[in-house]
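Chain and residue survey
Spelled out from the first residue to the last, the chains are:
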Amino acid sequence: MNTHDVNLRLNQQQLELLDRTVEEQGSSGRGDLIVRALNEYYEEHFQTPAT
Amino acid sequence: MERELVFETVMEPGTGKGVELRRGQVLRIEQVEGGQCADFNLFNLHDYKEHFHTARTRHMHGLMPSTGALLWSAPPRDRPIAALVTDTLGSNDILYGRCSAFLYDYQYGLPVHTNCHDIQAEAQREFGLTPDDVHDSFNFFMNTGIDPSGNPFIAPNLARRGDYVEILALIDVLAVANVCGADVMATSNFELKPLRIAIYESLPGELESQESRPEAAAHVTQRDPSTFRVKQIKADRELTRDKSYVPAFTNVPIQRQELDVQLSDAEIARLDHLIETGQLGSTRAEVLRYVFFSWWIEKFMQGPKHFDREAAKA
């Protein structure tokens, strides 16, 4: 499986929110939570449920 | 169980009345004939610089608050100072500003005319407040909307004889209502009519039920003058520079960091699809950042959300 790096720029306040959510959600890290957000957001907003 | 009446009076057209409400007392504003808008100001009785704020209330409860809405004070106080506990009609406005002498002069050529600002100022003068202290009003019984072009409009007043709102004080307040002076606008159906105001004691448990709401919980970010760097109210009108001033902004300088996020082929495909929508940004990094915080808001943010879920699907 190929992987692709996306370079995000975040400030310390955004990272504070990210790190707190990583801890509260038991994620393995910042990247893991962001990928989860991408997938959940996409599935909720853009994926047509199977019928 | 009926509320115990403490005080009542009728405000005639062109007038207003300020009343002191102790924490736990209820102010009722009632239609005598129907079809009349009531403008309303609310101040902390012990510190008039804390007062009702239409913008914070709009943020928390929308443009037309009704039963269950809290009346919030302005930042940095940012706390509920009263609760709208009864609203028999459900047609209120916190979008429009109060009418003023200028509006009747400029829009109608009527330089001497009843208007909410001057009525309010005259009523509040009983408590030593100046015309500059009148704040944006809660417009009870005012029927308004926004057209598809984004312009506000005033619709016919729907209030019937006997309709009323009840405002429960969560702190000691000065409450000032007036009979809106707009007789050449649709606000009160082009006729000024009296309004009854009355103070009642709240029913047992009523205050506690409001104070126990999650929104009413105290936060350290709800600041009061004890934490202000300038504690005294400025009493002169001229503005001059404080030569000893040293800026103390929060979290400054803002530091930015780079963060590499690894995505699979499938995840990159999803991200690129989101870019194609043209709604969330033009680069993978912009869209991924937008998606993360939008997701966070949807999942975890308390209170009303501030973006349009439907627009994100466009």
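Given the structure is predicted, the values throughout are model-derived calculations rather than measurements.

As for the pattern of salt bridges
This structure, assessed with the given rule, holds 26 salt bridges over all chains. For Asp19 of chain A, the salt bridge identified is with Arg30 of chain A, shortest N-O distance 2.7 Å. Of the two residues, Asp19 of chain A sits in helix α1 (residues 12-25) while Arg30 of chain A sits in helix α2 (residues 30-45), which places them eleven residues apart along the sequence. The exposure class of Asp19 of chain A is partly exposed, given its relative accessible area of 31%. Of the charged contacts in the structure, one is a salt bridge between Arg77 of chain B and Asp47 of chain B, with a shortest N-O distance of 2.9 Å. Here Asp47 of chain B lies in strand β5 (residues 47-51) and Arg77 of chain B lies in the loop between β6 (70-72) and β7 (80-87), a separation of 30 residues in the sequence. A relative accessible area of 8% places Arg77 of chain B in the buried class.

Points about helix α5 (residues 265-277) of chain B
Counted at 1.5 Å a residue, the expected span for α5 of chain B with its 13 residues is 18 Å, and the 19 Å between its end C-alpha atoms agrees. Those residues of α5 of chain B that are buried lie in contact with β1 (3-11) and α2 of chain A together with β14 (256-264) and α6 (284-300) of chain B.

Here we look at the packing of aromatic side chains
Residues and elements named next belong to chain B. Scanning the entire structure with this criterion turns up ten aromatic pairs over all chains. Ring centres of Phe138 and Phe140 lie 4.2 Å apart, and the angle between their planes is 15 degrees; this geometry places the pair in the stacked category. Each member of the pair, Phe138 as well as Phe140, is classed as buried. Ring geometry for Trp296 against Phe300: centres 5.6 Å apart, planes inclined by 55 degrees, an arrangement best described as tilted.

Quick notes on the sheet that holds β6 of chain B
Residue and element names in this part refer to chain B. If you walk across this open sheet you meet the six strands as β1-β13-β3-β11-β7-β6, and the pairing is antiparallel. Across the chains shown, the open sheet's two edge strands, defined by having one partner strand only, are β1 (4-11) and β6. Going across the sheet, the axis of each strand differs from the next one's by a mean of 25 degrees, ignoring polarity. Here three bridges tie β6 to β7, and the two strands are oriented antiparallel to one another. Within the sheet, the bridge partner assigned to Leu70 lies in β7 and is Ala83.

So, the domain arrangement of chain B
Considered domain by domain, chain B is made up of domain 1 (4-222) and domain 2 (265-312). Measuring from the centre of the C-alpha atoms in domain 1 of chain B to the corresponding centre in domain 2 of chain B gives 39 Å.

Re α1 of chain A
Helix length check: α1 of chain A (14 residues) gives 20 Å between terminal C-alpha atoms against 20 Å at 1.5 Å per residue, within 8%. Of the positions making up α1 of chain A, those classed as buried are Leu15, Leu17, Leu18, Thr21 and Val22 of chain A. The buried residues of α1 of chain A all sit within an arc of 160 degrees when viewed along its axis, so they share a single face. More than 90 degrees from the buried face of α1 of chain A, the exposed residues found are Glu16, Glu23 and Glu24 of chain A. Buried residues along α1 of chain A sit against β1 and α2 of chain A together with β14 and α6 of chain B. One side-chain oxygen of the residue at the start of α1 of chain A lies 2.8 Å from the amide nitrogen of Gln13 of chain A, identifying that residue as Asn11 of chain A. Trailing α1 of chain A by a residue or two, Gly26 of chain A shows a phi angle of about 65 degrees, which is positive.

Observations regarding the packing of α2 of chain A against α6 of chain B
Interaxial distance between α2 of chain A and α6 of chain B falls to 9 Å at its minimum, and their mutual angle equals 75 degrees. Judged on the interaxial angle alone, α6 of chain B and α2 of chain A are roughly perpendicular. Taking contact as the criterion, the partners of Leu33, Ile34, Arg36, Ala37, Leu38, Glu40, Tyr41, Glu44 and His45 of chain A in α2 of chain A are, on α6 of chain B, Leu288, Val291, Phe292, Ser294, Trp295, Glu298 and Lys299 of chain B. Class assignment for the residues of the contact of α2 of chain A with α6 of chain B results in nine nonpolar, two polar and five charged.

Quick word on a nonpolar patch on the surface
A grouping of Tyr245, Phe249, Val252 and Ile254 of chain B is seen on the molecular surface, where their side chains present a nonpolar patch of about 460 Å² in accessible area. Along the chain, the position of Ile254 of chain B falls in the loop between α4 (206-211) and β14.

Let's talk about the interface of chain B and chain A
Taken together, the 38 residues of chain B in the interface contact 37 residues of chain A. Carbon and sulfur atoms supply 60% of the area that chain B and chain A bury against each other, a total of about 4200 Å² over both sides. On the chain B side of the contact with chain A, Leu259, Arg270 and Trp295 of chain B bury the most area, a combined 18% of that side's loss. One can count three salt bridges joining chain B with chain A. Between Lys299 of chain B and Glu44 of chain A there is a salt bridge, with the nearest N and O atoms lying 3.8 Å from each other. Linking chain B with chain A are 18 residue pairs in polar contact (both at pLDDT 80 or more). Elements with a contribution of two residues or more to the side of chain B that touches chain A: β14, α5, α6 and α7 (309-312) of chain B. Class assignment for the residues of the side of chain B that touches chain A results in 18 nonpolar, eight polar and twelve charged. Bridge count for β1 of chain A against β14 of chain B is nine bridges, and the pairing is antiparallel. Among the inter-strand pairings, Asn11 of chain A is bridged to a residue of β14 of chain B, identified as Arg256 of chain B.

Rules behind the numbers
Residues numbered from 1 in each chain as written. Chains lettered and ligands numbered in written order. Predicted model: local features only at pLDDT ≥ 70, side-chain atom pairs only at ≥ 80, totals over all residues. Heavy atoms only, no water. Salt bridge = Lys/Arg side-chain N within 4 Å of Asp/Glu carboxyl O. Helix = DSSP H or I, 4+ residues; strand = E, 2+ residues; numbered from the N terminus. Buried < 20%, exposed > 50% of the residue type's maximum accessible area, 1.4 Å probe, protein only. Expected span 1.5 Å × (residues − 1). Contact = heavy atoms within 4.5 Å. Phe/Tyr/Trp six-rings, centres within 6.5 Å; stacked < 30°, edge-to-face > 60°. Pairing = 2+ DSSP bridges. Axes fitted to C-alpha atoms, helices over the stretch in contact; angles between N-to-C directions. Domains from an automatic or database assignment. Arc of directions from axis to C-beta. Polar contact = N/O pair within 3.5 Å; in protein donor to acceptor, adjacent residues only side chain to side chain. Parallel < 35°, antiparallel > 145°, perpendicular 65-115°, else oblique. Nonpolar A, V, L, I, M, F, W, Y, C, P; charged D, E, K, R; others polar. Patch = residues over 30% accessible without salt bridge, like charges linked within 9 Å, V, L, I, M, F, W, Y side chains within 5 Å. Areas by Shrake-Rupley, 256 points an atom, 1.4 Å probe, with all protein chains shown as cover. Buried area = accessible area lost by both parts, 1.4 Å probe.

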